[in-house]
Amino acid sequence: MRTLFGFALIAGCMAWAQSPSSAFPRGSGMQNWQNPGFKDVIAKCKNPPKPFGIPIATGPNANAAPPDPVLPATSAIPNVLAAGQSWKVVWSWEGNNVDGPIAGPNGAVLFANNDAGNVMQMDPATGMAKVLHANLNTAGAVSRSKNGALFVAERGLGSGIEQLEPKRKMLANSFHGEPLECVGGVINDLSADAHGGVYFSVTGAADSGVFYADSKGVVSQYGKNVPQANGIILSPDEKTLYVTNGATLYAFDVKPDGSLTNQREFGKLRGGEGGDGSAVDQQGRVYVATGKSVDVFAPDGSFAGTIPGPQGLHGTFFGGRDKKTLFGIVFYGGWGTPSARNRIIAIPTIAQGYTGRAK
């Protein structure tokens with residue numbers, strides 16, 4: 001059985017009854033660079049990568065619950081957002097546990113949990129959620145192709161891109177015969193194509209963190225001077241790939257075999273400087289989370305406007321039954337500490353997200 005955005009839950013997937021966020025353990029998963037065995041792995045690389053890590057807060061504030069983020073006022077953007085619309089909170093949880101989200105069936109939301117090592121499905125109308133896929137290697141982001149295949153980026157030691165549906169299997173976890181850890185950094189985001197392949201970003205990789213795993217799991221690297229590759233998303237027709245790199249949004253042409261060419265600057269962020277998770281709408285506009293806003297670009301790269309958001313807004317996607325709700329994910333508190341918190345926020349839009357894919 002299929003749903004609008006992909007396969008319904010199938011035999012072999014782990015599922016629990018719907019529960020509020022407080023019913024789920026925050027987990028203690030580690031990204032590859034946090035694992036004590038990481039140094040031994042990269043020591044065996046032909047060209048060991050430079051050190052990578054995310055600053056972890058210390059001191060008394062690392063244990064205290066942080067103040068709630070402020071949800072700022074927004075302004076109209078022609079054909080995108082009406083005047084007077086406001087963000088609202090639809091999900092909240094502890095830890096580094098909401099990342100790489102996509103639209104799910106019947107208005108639901110799917111997202112990856114870094115610390116808890118699973119993929120969850122949440123109903124924004126009720127805030128209730130359930131685990132769809134468990135026992136993942138520090139899940140970081142999810143993507144569903146036009147054909148319904150679901151993939152997850154796994155950030156733990158032995159990182160890779162794993163297919164979860166219709167059949168669970170590892171797609172790719174090596175590059176030129178070495179573990180993916182040898183390219184440096186950590187897998188961040190992914191975008192699955194209609195041919196069984198997956199584009200993924202590796203933040204902190206040498207020179208460029210833009211990669212493609214084809215349907216056979218063969219990984220190729222593309223781009224130049226894109227070491228902070230992060231948000232990655234295909235255009236609706238899958239002829240263009242967009243990748244963030246700090247305050248710059250790059251575009252690549254996608255060739256029929258999945259390879260990339262014609263790297264170019266597509267736009268500069270204005271609402272923030274840290275480009276992260278991105279989305280596209282039905283008209284081909286590109287939406288980029290900046291750390292404190294969602295910046296919107298027209299299909300020709302011209303700047304359409306900024307939707308201000310709370311500090312820590314690091315991902316965005318369209319969802320809801322009609323895909324006319326823009327969601328954002330917000331991290332606040334200290335990363336990797338008891339103070340870490342996550343939220344999913346939502347705002348109604350005029351624009352409709354692309355309906356041919358989950359994201």
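Above: the structure in question.
Here the structure is a predicted model, which is why all the values come from computation and not from measurement.

Caption draft 1: Seen up close, the sheet that holds strand β14 (residues 186–192). With antiparallel pairing, four strands are arranged side by side in an open sheet as β14-β15-β16-β17. If you trace the sheet from one side to the other, it starts and ends with β14 and β17 (219–222), each paired once. Each strand of the sheet is rotated relative to its neighbour by a mean of 25°, with strand direction disregarded. Examined bridge by bridge, strand β15 (residues 198–203) and strand β16 (residues 210–213) share four bridges and lie antiparallel to one another.

Caption draft 2: Spotlight on the pairing of β15. The buried fraction of β15 is high, at six of six residues. Residues Val 198, Phe 200 and Val 202 point to one face of β15 and Tyr 199, Ser 201 and Thr 203 to the other, with burial holding for every one of them. Examined bridge by bridge, β14 and β15 share five bridges and lie antiparallel to one another. Its bridge partner being in β15, Val 186 is matched across the sheet by Thr 203. The turn linking β14 back onto β15 is made up of five residues, and Gly 196 within it adopts a positive phi angle of 90°. Once β15 ends, the chain turns through six residues before running back antiparallel as β16, passing Gly 204 with a positive phi of about 100°.

Caption draft 3: Local environment of the environment of Val 210. Looking at the secondary structure, you find Val 210 in strand β16. Looking at Val 210, the relative accessible area reads 0%, which means it is buried. As a C-alpha pair, Val 210 and Ala 247 span 37 residues in sequence and 16 Å in three-dimensional space.

Caption draft 4: A look at the sheet that holds strand β9 (residues 150–154). Strands sit in the order β8-β9-β10-β11 across an open sheet of four strands; the sheet is antiparallel. Every other strand in the sheet has two partners, leaving β8 (139–144) and β11 (169–172) as the edge strands with one partner each. Between one strand axis and the next, the sheet turns by 30° as a mean value, whatever way the strands run. Where strand β10 (residues 160–165) lies against β11, three bridges are found, and the strand directions are antiparallel. Note that in β11 the partner of Gln 163 across the bridge is Lys 169.

Caption draft 5: Just the state of the cysteines, in detail. Scanning all chains against the criterion turns up one disulfide. Disulfide pairing places Cys 45 opposite Cys 182 at an S-S distance of 2.0 Å. The S-S bond linking Cys 45 to Cys 182 shows a torsion near -80°; that makes this disulfide left-handed. Here Cys 45, found in the loop between α1 (38–43) and β3 (88–94), pairs with Cys 182, found in the loop between β13 (178–179) and β14; they are 137 residues apart in sequence, far enough to count as distant. No difference in accessibility class separates Cys 45 from Cys 182, as the two residues are buried.

Caption draft 6: Quick peek at the pattern of salt bridges. Counting across every chain of the model gives eight salt bridges. Salt-bridge contacts for Asp 99 lead to Arg 155; the nearest nitrogen and oxygen are separated by 3.1 Å. With Asp 99 in strand β4 (residues 99–103) and Arg 155 in the loop between β9 and β10, this pair connects stretches of sequence that are 56 residues apart. A salt bridge links Glu 165 to Arg 144, with the nearest nitrogen and oxygen atoms 3.1 Å apart. Taken together, the residues span a long stretch of sequence, with Glu 165 in strand β10 and Arg 144 in strand β8 at a distance of 21 residues. For the pair Glu 165 and Arg 144, one class covers both residues: buried.

Caption draft 7: Spatial organisation of the side chain of Ser 293. Assignment of secondary structure puts Ser 293 in strand β24 (residues 291–297). Within the structure, Ser 293 has its side chain in polar contact with the side chain of Thr 290 (distance 2.8 Å). Within polar-contact distance, the side chain of Ser 293 engages the side chain of Asp 295 at 3.0 Å. For Ser 293, the contacting residues outside a window of four places in its chain are Gly 271, Gly 272, Val 288, Thr 306, Ile 307, Pro 308, Gly 309 and Leu 313.

Caption draft 8: Quick look at the nonpolar core. Counting 20 residues, the largest nonpolar core has Phe 151, Ile 161, Leu 190, Phe 200 and Phe 211 as the members making the most contacts within it. Elements with a minimum of two residues in this core: β9, β11, β14, β15 and β16. In this view, Phe 211 contacts Phe 175, Val 183, Val 198, Tyr 199, Phe 200, Val 202, Ala 205, Val 219, Ser 220 and Gln 221; residues no more than four positions away in its chain are not counted.

Caption draft 9: Structural detail: the side chain of Thr 316. Counting through the fold element by element, Thr 316 comes out in strand β25 (residues 303–319). Under the relative-accessibility criterion, Thr 316 is labelled buried at 1%. Of the polar contacts made by the side chain of Thr 316, one reaches the backbone oxygen of Phe 327; its length is 2.7 Å. Setting aside anything within four residues of it in sequence, one finds Thr 316 in contact with Gly 277, Ser 278, Ala 279, Tyr 287, Ala 289, Val 294, Leu 326, Phe 327, Gly 328 and Lys 359.

Caption draft 10: Spotlight on unusual backbone geometry. That bond from Glu 165 to Pro 166 is cis: its omega, 5°, falls within 30 degrees of zero. With respect to the element layout, Pro 166 can be found in the loop between β10 and β11. Although it is not a glycine, Thr 138 sits at a positive phi angle of roughly 60°. A relative accessible area of 5% means that Thr 138 is categorised as buried. The phi dihedral of Lys 323 is positive, around 55°, even though this residue is not glycine. Take Lys 323: it is sitting in the loop between β25 and β26 (325–332).

Analysis parameters
- Residues numbered from 1 in each chain as written.
- Predicted model: local features only at pLDDT ≥ 70, side-chain atom pairs only at ≥ 80, totals over all residues.
- Heavy atoms only, no water.
- Pairing = 2+ DSSP bridges.
- Helix = DSSP H or I, 4+ residues; strand = E, 2+ residues; numbered from the N terminus.
- Axes fitted to C-alpha atoms, helices over the stretch in contact; angles between N-to-C directions.
- Buried < 20%, exposed > 50% of the residue type's maximum accessible area, 1.4 Å probe, protein only.
- Disulfide = S-S within 2.5 Å.
- Salt bridge = Lys/Arg side-chain N within 4 Å of Asp/Glu carboxyl O.
- Polar contact = N/O pair within 3.5 Å; in protein donor to acceptor, adjacent residues only side chain to side chain.
- Contact = heavy atoms within 4.5 Å.
- Core = buried A, V, L, I, M, F, W, Y, C linked by side-chain atoms within 4.5 Å.

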